[in-house]
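# Structural description and commentary
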Amino acid sequence: MSVPTAAAARTVCAPLSVLGRDVTVPLVTGGEVTYAALDYAASAPALQRVWDDVAAYAPYYGSVHRGAGYLSQLSTDLFENARRTVTGFLDCRPDDQLVFTRSTTDSLNLLARALPAGCQVFVFETEHHASLLPWQDARVTYLDAPRTHGQAVETLERALAGRDPHGPALVCVTGASNVTGELWPVRELAAAAHAHGARIVLDAAQLAPHHPVSVRDLDVDWIAFSGHKLYAPFGAGVLAGRADWLTAADPYLAGGGASRKVTRREDGGVDVEWHESAARHEAGSPNVIGAYAIASACKALTEAGFDDLVAREEYLIAKVRAGLAEVPQVKVLSLFGDDAPRVGVISFVVEGWNSSHFAAALSAEYGIGVRDGLFCAHPLVRTLLGGDPQTQGECGAPEAAPGEKSLNAIRVSFGAGTPDEHVDRFVDAVRELVRDGARWQYRTQDGRCVPAVG
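Structure report, in brief. (Residues numbered from 1 in each chain as written. Predicted model: local features only at pLDDT ≥ 70, side-chain atom pairs only at ≥ 80, totals over all residues. Heavy atoms only, no water.)

Looking now at the nonpolar core. If you look at the biggest cluster of nonpolar residues, it comprises 85 residues, and the most contacted ones within it are V86 and L90. No other element matches helix α10 (residues 288-304), which puts 11 residues into this core. Discounting residues that sit within four places of it in the chain, V86 has contacts with L98, F100, F225, V238, I294, A295 and C298. By size, the runner-up hydrophobic cluster in this structure holds 34 residues, among which are I346, W353, A361 and F414. (Core = buried A, V, L, I, M, F, W, Y, C linked by side-chain atoms within 4.5 Å. Buried < 20%, exposed > 50% of the residue type's maximum accessible area, 1.4 Å probe, protein only. Helix = DSSP H or I, 4+ residues; strand = E, 2+ residues; numbered from the N terminus. Contact = heavy atoms within 4.5 Å.)

Laid out in structure tokens, this is it:
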């Protein structure tokens, strides 16, 4: 793999301004360094633009939907305008419904609660736990990890061909892997699902921050993503798509806002008439700041231009992969091979190193933040590492002390706010650690590797 040139770098845009870009952290070896945040796949830093928008609104904060005062009316308008902004960002169909939730996990659990009776669910074992686990009350078919896009489509078609053709069915698939960063053939999987009378939900948590996502173009029935991966702070997420299953289901949470009318019955009980709009599944006081932050992030990414953002990210991906390829002890994890398109998420293992030990050294000695563990995708990581995909493990926690065998990996992830210097420092640090070893002693504390003190 060729190393990206300086000329290539000049053809792409500068990184977007994010919070924390000037934060310094101490090194165990002495001194301080600007922190290199390379764990975007877990939570991306908030865009400065988003933070400024939220700060400007904060003095005008008020209750939503049920207040007569000026601030309440202003907040209600802002909340509903945020819904329209995100609907446009996703290129939803005219009749689609967009529900604000807490996260991708919350969105998919909401949809799981809305499944029609007897619904069959088909999901690849390669999914993040957020999209792997919510369906356990349904009839679930778990599909083996494919090794090509074509095999993914063939595996799904074969499974759907054997299902009950008269009942409802749902396929759940990721847009981009949170482990390998590889893009999945969403449009082809949607076509296969619809050809067999099934619907499909897209987990876009790792896709939406990196690529434009069109519900209509991909022809998915629902899409879910989280604000905290889309450069927006606070706990908010989105579920958008077909309204019929959502409207037919009981509210995800029962309470104020979801109910249109509540009356007492003569027998002492209550009768409830629920909303048929998105409010049906937004009981309680909504997270207006979280919704506004997501909408602000959608505007910022759209205005920056995804063509430029994708071009710059591909440049950074090539730089990281080229650097890792120069270290023979490093093995990059992949389902679909080196040529597969991907976003800025790369997982790897280092021969002779426990992954937690390596990640701890990157942090303590170089000021670089990455992730180690199984990334809430245990079956996938264990499959990629040659382990038993049925083996259990605590999410993100190493299972062995430094130097011992461990089925864990290291993940570096980046995006629109990542400076070139952070990527360069990471590649240099990997090379130096493999060549020279750690300069500090480490110990296991509460299941993690940490620098030894004294």
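This part is about the pairing of strand β11 (residues 259-264). Where β11 and strand β12 (residues 270-274) come together, 5 bridges link them in antiparallel fashion. Paired with T263 across the bridge in β12 is D271. Between β11 and β12, which pair antiparallel one after the other, the connecting turn spans 5 residues, and G268 there sits at a positive phi close to 100°. (Pairing = 2+ DSSP bridges.)

Turning next to the pairing of strand β10 (residues 237-241). Most of β10 is tucked away: 5 of the 5 residues are buried. Judged by which residues are buried, β10 turns out to be covered on both faces: G237, L239 and G241 on one side and V238 and A240 on the other are all buried. The pairing of strand β4 (residues 97-101) with β10 spans 5 bridges and is classified as antiparallel. If you follow V99 over to β10, its bridge partner there is L239. Here strand β9 (residues 222-226) runs beside β10; their pairing, made up of 5 bridges, is antiparallel. Bridge assignment links S226 to a residue of β10, and that residue is G237.

Right, let's get into the sheet that holds strand β6 (residues 139-143). Read from one edge of the open sheet, 7 strands run β4-β10-β9-β8-β7-β5-β6, paired in mixed fashion. On the outer flanks of this sheet lie β4 and β6, each paired with one strand and no other. The average undirected angle you get between the axes of adjacent strands in this sheet is 20°. Note that strand β5 (residues 120-124) and strand β7 (residues 169-174) share 4 bridges and pair parallel. Among the inter-strand pairings, V121 is bridged to a residue of β7, identified as L170. Sheet contacts for helix α3 (residues 70-89): β4, β9 and β10; angle to β4, the most-contacted strand, approximately 115°. (Axes fitted to C-alpha atoms, helices over the stretch in contact; angles between N-to-C directions.)

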